[in-house]
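This is what each chain is made of:
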Amino acid sequence: MTSSLTQDRLDLSRRLFLRGTGGGLLLGSTLGFARPTFAQSGEAGAAAEPPPTGPAGRPLPQMEKEMPVEPERRLGWAIVGLGKFALNQILPAFAESRSSRLVALVSGNRQKAEQVGARYGVEARGIYGYDTFDRMGDNPAIDVVYIVLPNALHAEYTVRAFKAGKHVFCEKPMAVTVEECETMIRAGRDAGRKLMVAYRAQFEPHNVEAIRIARDGEIGRIRLVTSDHGRILDPRDPADQWRMMKSLAGGGSLYDIGIYSLQAARYLTGEEPVEVFGQIASPADDPRFREVEDRVAFQLRFPSGAVANLSSSYSTASVKRIQAFGEKGSLVLDPATEYEGNRLTLQTEKGRQEVKVKETSQFAAEMDHFSRSIMSNTEPKTPGEEGLRDIRLLQAVYRSAREGRPVSTEATGSLR
Ligand code: NDP
């Protein structure tokens, strides 16, 4: 769908193109001799006037990205839960945002929220606690509520945000149960507001390029995807303490980072798995894994015959890798899902090459995408239904591991 901003730009470029071409022809014919033609950057291939020799205005150049929305038209975002991820990744990303601005913070620690608010220019009226959360409904500056709380709190605060009349951007995993996801989707629909799950990898430039390569058939039909996500769960880290509690995390490594492996298999094949098979290993004597699982190895089978071999781990050294193998080549993202510094390698019959991709903030990109979806009233790329699909599949992996057999899933059709 073309946004009105893009459309304006296209119209303007078209007008300039016509003007430039006409002007160039007129000038050439009037002078009566062949003049060199100049293709202006914004008018690919268009013969245009020669560049002026002195100071002069020039036509709008070809734009590499959309122009930012005027500051007063950017949507106002409230961040809920000022933990490790929100403070280190999300808040700084607003500096690179082009359609979104930070207007509110919600925290159980008022002093921290005030301190953070002062750094980011959030007004005192934009500071809320969990007890005053619902009052955000009275603040018209807030358009979007971004839930960055422990997983088991996503559903409650999403529903409350919808009741306050706001759009909701929710961290992964969307929620803990399928029923919670369905409640969240229904609440958004009832409120006439949008819901998007923060699947940042689908906005990360190397992953975006890998998806394009896969879709364009550059490595042929994809037959196999492998992906591994692992890290050491640290009980001294407050951000990991709730991750050891089933009541707050919902699950272990599978829910937290196995979801990246699952997403990769789905977005690279563009298919929905028809069967899953999972195995879980958790050391009985490790207190970190009293309530949640440590390692999960899981396989998916897709309608085309493609298969995926995936894993997640809370007790192995850091790994964030995605690989897709096709009939004509392969691609490797390693690392694949870091906050920055990811790398993409493409292997085809022409040889192996690192694909250089311009690094841009995946956080700003996903937030701006949601803001623009709201402004243009279009469906976001990763709506609640996408989050629900993953929770269904992750639940099927748990079931398969429990029952010791493959579990067939309800195929929901192609991703896009
Ligand atoms: P943290 O523990 O660092 O932050 C969670 C914050 O939630 C806390 O700081 C606290 O904020 C608030 N909170 C409210 N109630 C509780 C509670 N009972 N226990 C703990 N915290 C509570 O976790 P993360 O920032 O690592 O993760 C938060 C969410 O973000 C999770 O859903 C996680 O999956 C997701 N995430 C996503 C990532 C991605 O790449 N997309 C990366 C990392 C996390 P306050 O003190 O302000 O009230």
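Quick note: structure is the one above.
No experiment lies behind these values; they were computed from the predicted model shown.

**With respect to the overall build of the protein chain**
Of regular secondary structure, the protein chain possesses eleven helices and 17 strands. A buried classification covers 50% of the 416 residues belonging to the protein chain. Taking the intrachain contacts of the protein chain between residues at least 6 apart in sequence as the baseline, contacts between residues at least 24 apart amount to 68%. Here the protein chain displays about 19900 Å² of accessible surface, and carbon together with sulfur accounts for 51% of that area.

**Let's talk about the packing of aromatic side chains**
Scanning all chains against the criterion turns up twelve aromatic pairs. Taking 6.4 Å as the distance between ring centres and 70° as the angle between the ring planes, the aromatic pair formed by Trp77 and Phe94 counts as edge-to-face. You can see Trp77 sitting in strand β3 (residues 75–80) and its partner Phe94 sitting in the loop between α2 (84–93) and β4 (100–106), a full 17 residues away along the chain. Of the two residues, Trp77 and Phe94, both sit in the buried class. Ring centres 5.0 Å apart and planes at 75° place the aromatic pair Phe133 and Tyr157 in the edge-to-face group. With a gap of 24 residues between them, Phe133 in the loop between β5 (127–128) and β6 (144–147) and Tyr157 in helix α4 (residues 154–163) connect regions that are remote in the sequence. Across the pair, exposure class does not vary: Phe133 and Tyr157 are buried alike. When the ring centre of Tyr339 is taken as reference, the NZ or CZ atom of Lys320 above it lies at 6.0 Å. Taking NZ or CZ as reference, Lys381 lies 4.6 Å from the ring centre of Phe203, over its face.

**Considering the sheet that holds strand β9 (residues 222–232)**
Read across the sheet, nine strands follow the order β16-β15-β14-β13-β9-β12-β11-β10-β17 without closing on themselves; strand pairing throughout is mixed. Single-partner strands in this sheet number two, and they are β16 (351–355) and β17 (407–408). Relative to β17, strand β10 (residues 275–281) runs antiparallel, the two sharing two bridges. Bridge pairing in β17 links Glu275 to Ser408. Its contacts with the sheet put helix α11 (residues 384–403) on β10, β11 (295–301) and β17, and the angle it makes with β10 is roughly 60°.

**Observations regarding the side chain of Ser100**
Relative to the helices and strands, Ser100 resides in strand β4. The exposure class assigned to Ser100 is buried, which follows from its relative accessible area of 1%. Here Trp77 takes part through its side chain, which lies 3.4 Å from a polar atom of the side chain of Ser100. Among residues more than four places away in sequence, those in contact with Ser100 are Arg74, Leu75, Trp77, Phe94, Met367, Asp368 and Ser371.

**Considerations on the environment of Glu403**
Tracing the backbone through its elements, the reader meets Glu403 in helix α11. Owing to a relative accessible area of 39%, Glu403 belongs among the partly exposed residues under this scheme. Taking the C-alpha atoms as reference points, Glu403 and Gln279, 124 residues apart in sequence, are found 9.8 Å from one another.

**Brief notes about the packing of α4 against helix α5 (residues 178–191)**
Direction vectors running N to C along α4 and α5 enclose 5°, while the axes themselves pass 9 Å from each other. Between α4 and α5, the angle is such that the two are roughly parallel. Along the contact surface, α4 presents His154, Ala155, Thr158, Val159 and Phe162, while α5 presents Glu180, Thr183, Met184, Ala187, Gly188 and Ala191. Residues belonging to the contact of α4 with α5 are distributed by class as follows: six nonpolar, four polar and one charged.

About the criteria used
Residues numbered from 1 in each chain as written. Predicted model: local features only at pLDDT ≥ 70, side-chain atom pairs only at ≥ 80, totals over all residues. Heavy atoms only, no water. Helix = DSSP H or I, 4+ residues; strand = E, 2+ residues; numbered from the N terminus. Buried < 20%, exposed > 50% of the residue type's maximum accessible area, 1.4 Å probe, protein only. Contact = heavy atoms within 4.5 Å. Areas by Shrake-Rupley, 256 points an atom, 1.4 Å probe, with all protein chains shown as cover. Phe/Tyr/Trp six-rings, centres within 6.5 Å; stacked < 30°, edge-to-face > 60°. Lys NZ or Arg CZ within 6 Å of the ring centre and 35° of its normal. Pairing = 2+ DSSP bridges. Axes fitted to C-alpha atoms, helices over the stretch in contact; angles between N-to-C directions. Polar contact = N/O pair within 3.5 Å; in protein donor to acceptor, adjacent residues only side chain to side chain. Parallel < 35°, antiparallel > 145°, perpendicular 65-115°, else oblique. Nonpolar A, V, L, I, M, F, W, Y, C, P; charged D, E, K, R; others polar.

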